[in-house]
Structure formats: structure tokens, C-alpha cells
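Here is what each chain is made of, one letter per residue.
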Amino acid sequence: VITIGGLVAAILIVAVSLLAARLAAGAIRRIRGRVDTDAAPSIYIFEKLSTYGLVIFGIIAAFSTLGLDLSSFTLFAGALGVGLGFGMQGIVKEFISGLVLLFDKLIRIGDYIELQTGERGVVAEIGPRATRIRNNDDLDVLIPNSRLIEQPVTNWTHQNGARRMHIPFRVAYGVDKEKVREAVLRAAHAVPFTLKDTSVRKTQVWLIGFGESGLSFELVVWPALEAVKRPNATHAAYTWAIEDALRNGG
């Protein structure tokens, strides 16, 4: 028999569990903000599991306080599941997809990703229904979790701290190609976020074709991680530097 006291106690238990989950998430989030980027994804997984666990524990405790035998709901839950299956399958699908993303670690908090449909930005949160990415205009874009599993996603910052960029430019016919290459290489290395050359990663200038009005070149350069996360601004910075170098070189 469900009593008024039991109902009130159950409501309080659920409310306390929700509050505890919120406080725990806030505390863990603050800790995550103070640690290095390598440990942050693991702490984020712990944050989500703790939040989900506290809420589920509160719901189970509330049913127990009401004096309800959860095993007696098995048949009812099965029948209800058939009725609600079609309506809930989308929510369950996104929730499971979110858990897969958390444990798979191919997409982690702080990664810069790009979808085939053009959305791109830094992964800010992997929620139970959608993943929130923040683009370079400081706008939040919500992506259903299943899209990140079922469709191709480009992760610009997965594992490695750098990505190669191609900056096209063109100069008139008749110029000295070696002078063009030297001037553009100096300009690229002068950009603050250009990584130093190694045996594997080298800044280069390629002659890639013949246009209607001049020779087509590409600057091939390796910017640092933070610059990779701002591809438009980085592309603009290199283009600016190239124009300055060509103009100053006559």
C-alpha cells in the first residue's frame, strides 16, 4: 500500500539524487578544468557515469521506499516496452550511442572535429542525446550522437598535435620560382604558430599547375594544435603572410 508519507519520501529521495548528481557533476567539472588535456577525457567519463549512477540509484531507492517490488513490474514493463518501443527507440539509440562515444575514445572532449555536412568545432560535451560542439564563432551546435557513429567524421586533433595545411596562391608567369619559394618559406616560418621543421614534417612550397594568369603554388605547412582548431583564421594568417612576402619581393 502506498502511503502519503512514503510518496513524499520517494519524491524527496529523487530530488536529493538529482541535486547530488548536479553537485557531483559541477565538482568533477571543476577538477577537469584544472588538469592537463590528456587526463580530461577520462575524468569526463567518470563525471557522466557518476551522474547517471546517482540518478538511477535515486529512482530505485524511491521505488523501494514506496514498498514496490520491482520484480513484479517485469511483465508490465515488457508490455509497456512493446507499446513505447517505436516512440522511445530514437532516445535509446542516442543514449547508447553516447555511451559508445564515451568509451570508444575516438572522439574525446577537446577534439576538433568536422562532419561531412560541414559542421565543425571543438567537442564541448557528450550528452545522453546529443554531442555539443562549439565552433569558431563561439556558437554551440548539437549533433545527435548516432550521427557521429554512423557517418564519417574527420577528427583534426586525434592523437597527434598537428595537421598539415595546404595554402594555395598564384604568381605571374616569368617570375623566378626559387625566389618565390624562398620568400614564402621565410614568411611561413615567421608565423608564430608554425612548427619547426623535422625529418618528417617540413614546410614546403609546391608548384602544382599552370593557371590562365600565372603559376599555381601551394604552401604546405604544419601549424600547432591550437592553430589547427582555428582553420579559417590560420588559413587567413598564412595567406596574409604570403601576400606580404610576394609584394615585398617585387
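So, how was this worked out
Residues numbered from 1 in each chain as written. Predicted model: local features only at pLDDT ≥ 70, side-chain atom pairs only at ≥ 80, totals over all residues. Heavy atoms only, no water. Salt bridge = Lys/Arg side-chain N within 4 Å of Asp/Glu carboxyl O. Buried < 20%, exposed > 50% of the residue type's maximum accessible area, 1.4 Å probe, protein only. Helix = DSSP H or I, 4+ residues; strand = E, 2+ residues; numbered from the N terminus. Contact = heavy atoms within 4.5 Å. Patch = residues over 30% accessible without salt bridge, like charges linked within 9 Å, V, L, I, M, F, W, Y side chains within 5 Å. Areas by Shrake-Rupley, 256 points an atom, 1.4 Å probe, with all protein chains shown as cover. Polar contact = N/O pair within 3.5 Å; in protein donor to acceptor, adjacent residues only side chain to side chain.

Draft legend 1. Fine view of the pattern of salt bridges. One pass over the full model with this rule turns up eleven salt bridges. Ionic pairing is found between D140 and R134, a salt bridge with its closest N-O pair at 2.8 Å. With relative accessibility at 36%, the residue R134 sits in the partly exposed group. Put simply, D244 and R247 hold a salt bridge, and the shortest N to O gap is 2.7 Å. With D244 and R247 both in helix α7 (residues 231-248) and three residues apart, this pair spans about one turn of that helix. D244 gets classed as partly exposed once you look at its relative accessible area, which sits at 24%. Each of the salt bridges in this network shares a partner with another, and the network as a whole consists of E125, R132, R134, D138 and D140.

Draft legend 2. Here's a closer look at the side chain of S216. Positionally, S216 belongs in strand β8 (residues 215-221). Setting aside anything within four residues of it in sequence, one finds S216 in contact with F169, R170, W206, L207, I208, G209 and G211.

Draft legend 3. Layout of the environment of L225. Secondary-structure assignment places L225 in helix α6 (residues 225-228). For the pair L225 and Y112, spaced 113 residues apart in sequence, the C-alpha separation works out to 9.6 Å.

Draft legend 4. Just a nonpolar patch on the surface, in detail. Residues V92, F95, I96, V100 and I149 make up a contiguous nonpolar surface patch of about 380 Å² in total accessible area. Ranked by the residues each element gives to the nonpolar patch, the list is headed by helix α3 (residues 74-104), at four residues. Assignment of secondary structure puts V92 in helix α3. Given the relative accessible area of 45%, V92 is considered partly exposed.

Draft legend 5. Quick peek at the environment of K93. Relative to the helices and strands, K93 is located in helix α3. C-alpha of K93 to C-alpha of P128: the two residues are 35 residues apart in sequence and 9.7 Å apart in space. Other than its neighbours up to four places away in sequence, K93 contacts S146 and E150. Polar contacts involving the side chain of K93 include one to the side chain of E150, which spans 3.1 Å.

All we've got here are geometric facts, nothing functional implied.
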